[in-house]
Amino acid sequence: MVKFQVLPVMSTMKAALVKTLGLVHDSDILEIVEDYPRPSRGKGQVLVRVLTCATSAGDMHVMSGRVSFAITPPSFPYIPGSSVCGVVEEADPEAEFKLGDRVIAHMGMKPWGALAEYAVFEARNCVLAPESISDEVASACGDSAATALKAVELAGVKEGHRVLVLGGSGGVGSCCVQLAKIAGASFVAATSTQVKLLEEELKADRAINYKEVDWWSIAEFQEQPFDCIIDCVGGGGHFGKAGANRVLKSGGSGGKFIAVVGDEPEPIIHNPLQLAGFASRLLWRSLWTWLWPWSPRYICFVTDADSSTIKTILDHMAKDKLLLKVDSSGPYPFTKDGVTAALKLQESHRAHGKVVIRVNRKG
Ligand SMILES: NC(=O)c1ccc[n+]([C@@H]2O[C@H](COP(=O)([O-])OP(=O)(O)OC[C@H]3O[C@@H](n4cnc5c(N)ncnc54)[C@H](OP(=O)(O)O)[C@@H]3O)[C@@H](O)[C@H]2O)c1
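On a predicted model such as this, the values are computed, not experimentally measured, just so you know. (Residues numbered from 1 in each chain as written. Predicted model: local features only at pLDDT ≥ 70, side-chain atom pairs only at ≥ 80, totals over all residues. Heavy atoms only, no water.)

Caption draft 1: Representation of the packing of helix α1 (residues 57-64) against helix α10 (residues 336-347). Across the interface, α1 lies against α10 with an axial gap of 9 Å and an inter-helix angle of 100°. The orientation of α1 relative to α10 falls into the category roughly perpendicular. In contact with A57, M60 and M63 of α1, α10 contributes L343, Q346 and E347. For the contact of α1 with α10, the class distribution of residues is four nonpolar, one polar and one charged. (Axes fitted to C-alpha atoms, helices over the stretch in contact; angles between N-to-C directions. Helix = DSSP H or I, 4+ residues; strand = E, 2+ residues; numbered from the N terminus. Parallel < 35°, antiparallel > 145°, perpendicular 65-115°, else oblique. Contact = heavy atoms within 4.5 Å. Nonpolar A, V, L, I, M, F, W, Y, C, P; charged D, E, K, R; others polar.)

Here's what the structure looks like:
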């Protein structure tokens, strides 16, 4: 009699893979494969069928290899992506999610593993997605909005404050503009070439096209300095320009400069010395401006989007009509050309809102 041996069938999935670190716009670092092993989850984790995945500046820092000493994927090739909207396939029996629930999920401080048909997330980084928001918007809740929330909190924006957001049309900046208003700011100005978007959609009180006007030289801003500047662009000596031109109040009068991005928007960190230099430059300025009340205070930070932060963002969306801007060129298809185009846009610093890739359809 012939005996058949039953072999386990390995489930596979379609996934984006980064073969080697580099810039998307000048090298062929990416491929899409159809037969990558499906991940399996452990206790406290949720297996999600990904519907949409939003890219982020953090994805590009890792992919470029610029910060390889500080943060690098555990092995190669690796699956990029960190922020998704998806459907629960498997969770612990006692978890708050059940099969088929639509969730917003984020990888936390490890920006990889999400741009595939299936991905595993820590349950603490997952939140039920409200029916009222689209998959595209849900995938955009994870990192940029959380960063903006933290920036506005650190700035201590209050009723009557005057706030300037540098880079007001990006994923982080577009939320900063709105969250500053929600916190009670009486005047919010922002810089970008997207003047119409800032004024009409994001309701900024003043939009400054930075290609035409230097924000630090505007007489009105020098006469009535800001309580806070939130810098979502970095580089360009913005902190020095704000202080030297007196468009930001001194620390003694409550003036704060919130560096979402520091002087090095694309830092190079390949060894401990470069890491120490990068961190000490930021921390030294934070320290001396804290001790020296005649200068505006300089505050830098790193965010981690956990479920409570995402819930706060969802609350603002429901109550305060916070609009999570998705770049209108997307959603991009889950093909090599589609993913490459999405990542190139993210890499260019020209995205107007979040860049989203459609991975799966519902059902
Ligand atoms: N500290 C943290 O924990 C943390 C967390 C997340 C992100 N970040 C950082 O936050 C930054 C923003 O990220 P993002 O995802 O929002 O988008 P991004 O891709 O860095 O920025 C896109 C936006 O920047 C605008 N922009 C570019 N150059 C500008 C300039 N010189 N002046 C004014 N606007 C300018 C562009 O508008 P135009 O087309 O009008 O130029 C575009 O809307 C990134 O550098 C990222 O690394 C920090």
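After that view, the rundown keeps rolling.
Caption draft 2: How the structure looks around unusual backbone geometry. In this model, F76 is joined to P77 through a cis peptide bond whose omega is -10°. Assignment of secondary structure puts P77 in the loop between α1 and β4 (83-90). The step from G330 to P331 runs through a cis peptide bond, and the omega angle for that step is -5°. Topologically, P331 is positioned in the loop between α9 (307-320) and β14 (332-333). Phi is positive for K321, which is not a glycine, with a value near 60°. Secondary-structure assignment places K321 in the loop between α9 and β14.

Caption draft 3: Seen up close, the nonpolar core. Counting 51 residues, the largest nonpolar core has V163, I230, M317 and L324 as the members making the most contacts within it. Residue contributions to this core peak at seven residues, all from helix α3 (residues 144-155). Mapped onto the domain boundaries, this core takes at least three residues apiece from domain 1 (12-142 + 325-358) and domain 2 (144-300). What M317 contacts, discounting residues up to four positions off in sequence, is I133, V137, C141, L322 and L324. Among the nonpolar cores identified, the runner-up in size contains 44 residues, and V24, I29, V50 and F121 belong to it. (Core = buried A, V, L, I, M, F, W, Y, C linked by side-chain atoms within 4.5 Å. Buried < 20%, exposed > 50% of the residue type's maximum accessible area, 1.4 Å probe, protein only. Domains from an automatic or database assignment.)

Caption draft 4: Just the site of the ligand, in detail. Surrounding the ligand, one finds 25 residues, the nearest of these being S169, S192, T193, Y210 and H352. Measuring from an oxygen atom of the ligand, one finds a side-chain N or O atom of R350 at 2.9 Å. Within the contact set of the ligand, an oxygen atom lies 2.9 Å away from a backbone nitrogen or oxygen of A351. The set of elements that each furnish at least two residues to the shell around the ligand consists of α1 and α4 (171-182). Each residue belonging to the shell around the ligand can be placed in one class, and the counts come to ten nonpolar, 14 polar and one charged. Taken together, domain 1 (12-142 + 325-358) and domain 2 (144-300) each give at least three residues to the shell around the ligand, which thus spans both. (Near = heavy atom within 4 Å. Polar contact = N/O pair within 3.5 Å; in protein donor to acceptor, adjacent residues only side chain to side chain.)

Shape is all these values report; function is a separate question.
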